[in-house]
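Each chain, letter by letter, is given below.
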Amino acid sequence: MNEHKTKSITSVDVAKAAGVSRAAVSRTFSNNGYVSQETKQKVMEAANVLGYRVNHLARSLNRQRSDLIGLVVADMDNPFRSQQVSDLSEAILATNHRPLLIPTKKGRDSSQVIDMLLHYNVSGVVITSDTPPESIFKMCADSSVPVVLVNKQDTHDKIDRVICDNHKGIELLVSAFSDSGCERVTMVSSKKDSFSIRNREQMFCELAAERGISTTILYPETHCYQGGLAAAEMLTSESVAPDGVFCANDYLALGVIDGLKERLGNECMAQIKVAGFDDMQQSSWSSYQLTTVKQSTEEMAQHCVELLLSRIEDPDQTSRTRTLDVSLIKRKTL
């Protein structure tokens, strides 16, 4: 057994090395109380030499809340979701809080997620997963932990939401299909439950009918790239091919485009108008050039953080919803 274990450096060690009191070290790192510039410099130099780092989790045990913000996320393989998490993390860090990422998946016990969130004394929670168990955000709300839901149905009188303006986005897409002369548009949805996708599906069929565009709906198992490939196979087996395809998100659309190119060839594929929703980074790649609706993940992140900080200051506010504006991004597919 190795008897020369590395000793954990504490604030006491820093104080001794700097020749100051432990209280001065504490005030230096907490920014709580006056510390002269000379003392602060001594403390920082000693801390750097010793390799001292403040244990923020340990400090949070002495407070009701830590500086952690929980991010409950599913479908991390989706590039749009990854961009959401990246922008949320940056927005959280900009407020001197720290993101705590908790990925979820089908079958995971929601009590484990709640346990992690509450035992770390998180200051707030942002949930972007498609179908978060209600127990997660209800337990957080009951424990006075602020929660913001992203693109989710209204569920609780003390929980805030940030939602994309799906109605405006679908109106823009239906107009684009109509202006392109499309008369038969297939909507690619998904069997997997999703508030956003069900919302877009219903709106698209209703608004397309008002424009005299007939619609059919395909339901692959999932709303990911593989679901798009499966939808492409369904499309090529239909007796009458559509002249347009609307996919409920970009991830599906990329799979549809690749699947149709493989089965029909580039020339035939070019005769079918395709559009998606989200404007994830890959949609602009030269091999896709997908027409889509953009919802800004940066703006979404700012709304989430502002709502969280506001509710931390005033927990008794009624629930609030912020609607994220959208715009049509026209590219070669439509």
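Residues numbered from 1 in each chain as written. Predicted model: local features only at pLDDT ≥ 70, side-chain atom pairs only at ≥ 80, totals over all residues. Heavy atoms only, no water.

Caption draft 1: View of the sheet that holds strand β3 (residues 124-127). With parallel pairing, 6 strands are arranged side by side in an open sheet as β2-β1-β3-β4-β5-β11. Since the sheet does not close on itself, it has two edges, and those belong to β2 (98-103) and β11 (321-324), each with one partner. Taken over all neighbouring pairs, the strand axes of this sheet differ in orientation by 20 degrees on average, direction set aside. As paired strands, β3 and strand β4 (residues 147-150) are joined by 3 bridges and run parallel to one another. Bridge assignment links I127 to a residue of β4, and that residue is L149. Where helix α12 (residues 297-313) meets the sheet, it contacts β1 (68-73), β3, β4, β5 (160-164) and β11, and its direction lies at approximately 165 degrees from that of β5. (Pairing = 2+ DSSP bridges. Helix = DSSP H or I, 4+ residues; strand = E, 2+ residues; numbered from the N terminus. Axes fitted to C-alpha atoms, helices over the stretch in contact; angles between N-to-C directions. Contact = heavy atoms within 4.5 Å.)

Caption draft 2: Up close: empty space enclosed by the protein. This model, assessed by the stated rule, comprises 2 cavities of 30 Å³ or more. Of the voids in this model, the second largest cavity is the one considered here, and its volume is about 40 Å³. In terms of residue count, α12 provides more of the lining of the second largest cavity than any other element does, 3 residues in total. Taken together, the residues of the lining of the second largest cavity break down into 5 nonpolar, 2 polar and no charged. (1 Å grid on protein atoms, 1.4 Å probe; cavity = no way out; pocket = protein on both sides within 12 Å on 5 of 7 lines; lining within 4 Å. Points joined across faces, edges and corners; volume = space filled by probe spheres on them. Nonpolar A, V, L, I, M, F, W, Y, C, P; charged D, E, K, R; others polar.)

Caption draft 3: Structural view of the pattern of salt bridges. If you walk through the whole model with that rule in mind, you get 14 salt bridges. For R81, the salt bridge is made with D75, and the minimal N-O distance between the two is 3.9 Å. Taken as a pair, R81 and D75 share a single burial class, namely buried. (Salt bridge = Lys/Arg side-chain N within 4 Å of Asp/Glu carboxyl O. Buried < 20%, exposed > 50% of the residue type's maximum accessible area, 1.4 Å probe, protein only.)

Caption draft 4: Structural context of helix α3 (residues 37-50). If you check α3, its first and last C-alpha atoms are 20 Å apart, about what 14 residues at 1.5 Å a residue would give, namely 20 Å. Taken residue by residue, α3 has V43, A46 and A47 as its buried positions. For α3, the buried positions fall inside an angular range of 100 degrees around the axis, keeping them on one side. Exposed and oriented more than 90 degrees from the buried face of α3 are Q37, E38, N48 and V49. Of the residues trailing α3, G51 is marked for its positive phi of about 75 degrees. (Expected span 1.5 Å × (residues − 1). Arc of directions from axis to C-beta.)

Caption draft 5: View of the side chain of R161. On the secondary structure map, R161 appears in strand β5. In this structure R161 comes out as buried when scored by relative accessible area, which is 10%. At 2.6 Å, the side chain of R161 forms a polar contact with the backbone oxygen of K152. (Polar contact = N/O pair within 3.5 Å; in protein donor to acceptor, adjacent residues only side chain to side chain.)

Caption draft 6: Here's a closer look at the nonpolar core. Ranked by internal contacts, the top residues of the largest apolar core, which has 44 residues, are I170, F177, F204, V245, F246 and V256. Taken together, the elements giving at least two residues each to this core come down to α8 (166-179), β6 (184-188), α9 (195-210), α10 (225-236), β8 (244-247), α11 (250-269) and β9 (273-275). Among the elements that take part in this core, α11 stands out by supplying 8 residues, more than any other. Non-local contacts of V245, meaning those with residues more than four positions away in its chain, are made with F177, V185, T186, V188, L235, V256, I272, K273, V274 and A275. Of all hydrophobic cores here, the second largest spans 18 residues; its members include L71, V148, V162 and L308. (Core = buried A, V, L, I, M, F, W, Y, C linked by side-chain atoms within 4.5 Å.)

Caption draft 7: A look at the sheet that holds strand β7 (residues 214-218). Judged by pairing direction, the sheet is parallel, and its 4 strands sit side by side in the order β7-β6-β8-β9 without closing on themselves. Looking along the sheet, the strands with just one partner apiece sit at the ends: β7 and β9. Neighbour to neighbour, the strand axes of the sheet diverge by 20 degrees on average, direction disregarded. In terms of strand pairing, β6 meets β7 through 5 bridges, oriented parallel. Residue pairing in the sheet places M187 in a bridge with I217 of β7. Each of β6, β7 and β8 is contacted by α9, which is oriented at about 160 degrees to β7, the strand it contacts most. Here α11 sits on the sheet and contacts β6, β8 and β9; the angle it forms with β8, its principal contact strand, is near 160 degrees.

Take it as geometry only, folks, not as evidence of what the structure does.
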